[in-house]
Amino acid sequence: DTEVTQTPKHLVMGMTNKKSLKCEQHMGHRAMYWYKQKAKKPPELMFVYSYEKLSINESVPSRFSPECPNSSLLNLHLHALQPEDSALYLCASSQGWMGGIDTQYFGPGTRLTVL
Amino acid sequence: TQLLEQSPQFLSIQEGENLTVYCNSSSVFSSLQWYRQEPGEGPVLLVTVVTGGEVKKLKRLTFQFGDARKDSSLHITAAQPGDTGLYLCAGATNAGKSTFGDGTTLTVKP
């Protein structure tokens with residue numbers, strides 16, 4: 001099983017709303033990722049969690065707040081977003097072995113629209 | 001910053017034609033992945049290549065990893081409309097990050 005699930009599939013929110021994106025994997029992976037992707041562009045890395053600790057934050061604005069409650073779950077809390085934050089948000093996971101083959105498996109994404 | 005240059009950026013061909021997509025870097029990667037993505041969906045893993053000079057085949061798709069592990073190619077034989085999508089290469093490092101190419105948007109016309 002190489003499945004990463006994400007909810008919701010679609011989300012429309014106003015600039016004053018607070019919402020959360022959820023991601024789950026049951027592959028025993030110890031690294032989980034959040035990416036932002038604009039149309040016909042490659043995914044842009046936002047955050048990496050390794051063994052449930054935040055290991056990489058790619059200078060993402062504080063209106064995006066990641067959380068890793070346990071090794072299977074990853075959340076992205078959203079608050080006071082801007083219209084330019086509208087994008088496909090992708091979650092990925094990998095085994096997290098340093099120096100080894102660390103293939104990332106992606107979820108289906110959440111299509112976020114900020115009005 | 002490790003960069004991956006992917007080419008061509010756009011490719012439109014007729015059904016039955018062959019094509020090759022290239023992914024080049026000046027950096028060495030511990031492994032390299034190829035993904036295919038449809039609009040509004042997440043990237044789906046096609047293959048991981050690890051060993052320099054490695055060739056992997058997946059039905060009509062042939063993947064090659066350069067001897068120095070700095071470049072890779074994806075060759076599709078007899079393309080079909082179902083091959084249409086965004087093809088992404090990603091080079092993995094030991095630092096827990098992957099570097100993505102800019103992608104190749106492939107359109108196969110019936």
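Look a little higher up for the structure.
Enquirer: Just to check I follow, could you spell out the packing of aromatic side chains for this structure?
Expert: To describe a pair of aromatic rings, one takes the distance between the centres and the angle between the planes. Residue and element names in this part refer to chain A. The tally for this structure, following the rule as stated, stands at seven aromatic pairs over all chains. Between tyrosine 33 and tyrosine 35, the aromatic rings sit 6.3 Å apart at their centres with planes inclined by 25°, giving stacked as the arrangement. Across this residue pair, the class does not change: tyrosine 33 and tyrosine 35 are buried.

Enquirer: What am I meant to see in the interface of chain B and chain A here?
Expert: The parts lose accessible area when they come together, and the size of an interface is often stated as this lost area. The partner chain A presents 26 residues to the 22 residues of chain B that form the contact. Both sides together, the interface formed by chain B and chain A hides about 1,800 Å², and carbon and sulfur atoms give 56% of it. The interface formed by chain B and chain A contains one salt bridge. Here lysine 9 of chain A ties to glutamate 41 of chain B by a salt bridge, and the two come within 3.2 Å at their closest N and O atoms. Put simply, the parts of the chain that give the side of chain B that touches chain A at least two residues each are β4 (31-37), β5 (44-49), β9 (85-92) and β10 (98-100) of chain B.

Enquirer: What's the story with the nonpolar core in this structure? I'm lost.
Expert: Nonpolar side chains tend toward joint burial in soluble globular proteins. Counting 23 residues, the largest nonpolar core has Trp34, Phe64, Leu76 and Leu78 of chain A as the members making the most contacts within it. Where this core is concerned, the elements lending two or more residues are β2 (10-13), β3 (18-25), β4 (31-37), β5 (44-50), β7 (64-70), β8 (73-79), β9 (87-94) and β11 (110-114) of chain A. Residues Cys23, Val49, Cys89 and Val108 of chain B belong to the second largest nonpolar core, which totals 20 residues.

Enquirer: Explanation requested: the environment of aspartate 71 of chain B in the structure shown.
Expert: All names here are of chain B. Along the polypeptide, aspartate 71 turns up in strand β8 (residues 71-76). Accessibility expressed as a relative area gives 30% for aspartate 71, which makes it partly exposed. Between the C-alpha atom of aspartate 71 and that of serine 26, which follows or precedes it by 45 residues, the distance is 8.3 Å. Beyond its immediate chain neighbours, meaning those up to four positions away, aspartate 71 contacts Cys23, Asn24, Gln64, Phe65 and Gly66.

Enquirer: Would you explain the pattern of salt bridges in this entry?
Expert: Two side chains bearing opposite charge may form a pair once their charged atoms approach each other closely. Residue and element names in this part refer to chain A. For the coordinates displayed, the defined rule picks out six salt bridges over all chains. Two residues, arginine 63 and aspartate 85, come together in a salt bridge whose shortest N-O distance is 2.7 Å. Placement of the pair is arginine 63 in the loop between β6 (53-57) and β7 and aspartate 85 in the loop between β8 and β9, with a sequence separation of 22 residues. In this structure arginine 63 comes out as partly exposed when scored by relative accessible area, which is 25%.

Enquirer: Honestly, unusual backbone geometry in this entry has me stumped. Any pointers?
Expert: In this chain, threonine 7 of chain A is followed by proline 8 of chain A through a cis amide linkage whose omega measures -10°. Take proline 8 of chain A: it is sitting in the loop between β1 (4-7) and β2. Residues serine 7 of chain B and proline 8 of chain B are joined by a peptide bond in cis, for which omega reads -5°. Within the secondary structure, proline 8 of chain B sits in the loop between β1 (5-7) and β2 (10-14). Even without a glycine there, the phi angle at lysine 59 of chain B is positive, about 55°.

Enquirer: Sorry if this is basic, but what is going on with the pairing of β5 of chain B here?
Expert: Where a strand is regular, its side chains alternate between the two sheet faces. Residues and elements named next belong to chain B. Relative to β5, β4 is paired through five bridges, and the arrangement is antiparallel. Within β5, the position partnered with leucine 32 by the bridge is valine 49. Turn length for the β4-β5 hairpin, with the two strands adjacent in sequence and antiparallel, is six residues, and the turn residue glycine 40 shows positive phi of about 80°.

Analysis parameters
Residues numbered from 1 in each chain as written. Chains lettered and ligands numbered in written order. Predicted model: local features only at pLDDT ≥ 70, side-chain atom pairs only at ≥ 80, totals over all residues. Heavy atoms only, no water. Phe/Tyr/Trp six-rings, centres within 6.5 Å; stacked < 30°, edge-to-face > 60°. Buried < 20%, exposed > 50% of the residue type's maximum accessible area, 1.4 Å probe, protein only. Contact = heavy atoms within 4.5 Å. Buried area = accessible area lost by both parts, 1.4 Å probe. Salt bridge = Lys/Arg side-chain N within 4 Å of Asp/Glu carboxyl O. Helix = DSSP H or I, 4+ residues; strand = E, 2+ residues; numbered from the N terminus. Core = buried A, V, L, I, M, F, W, Y, C linked by side-chain atoms within 4.5 Å. Pairing = 2+ DSSP bridges.

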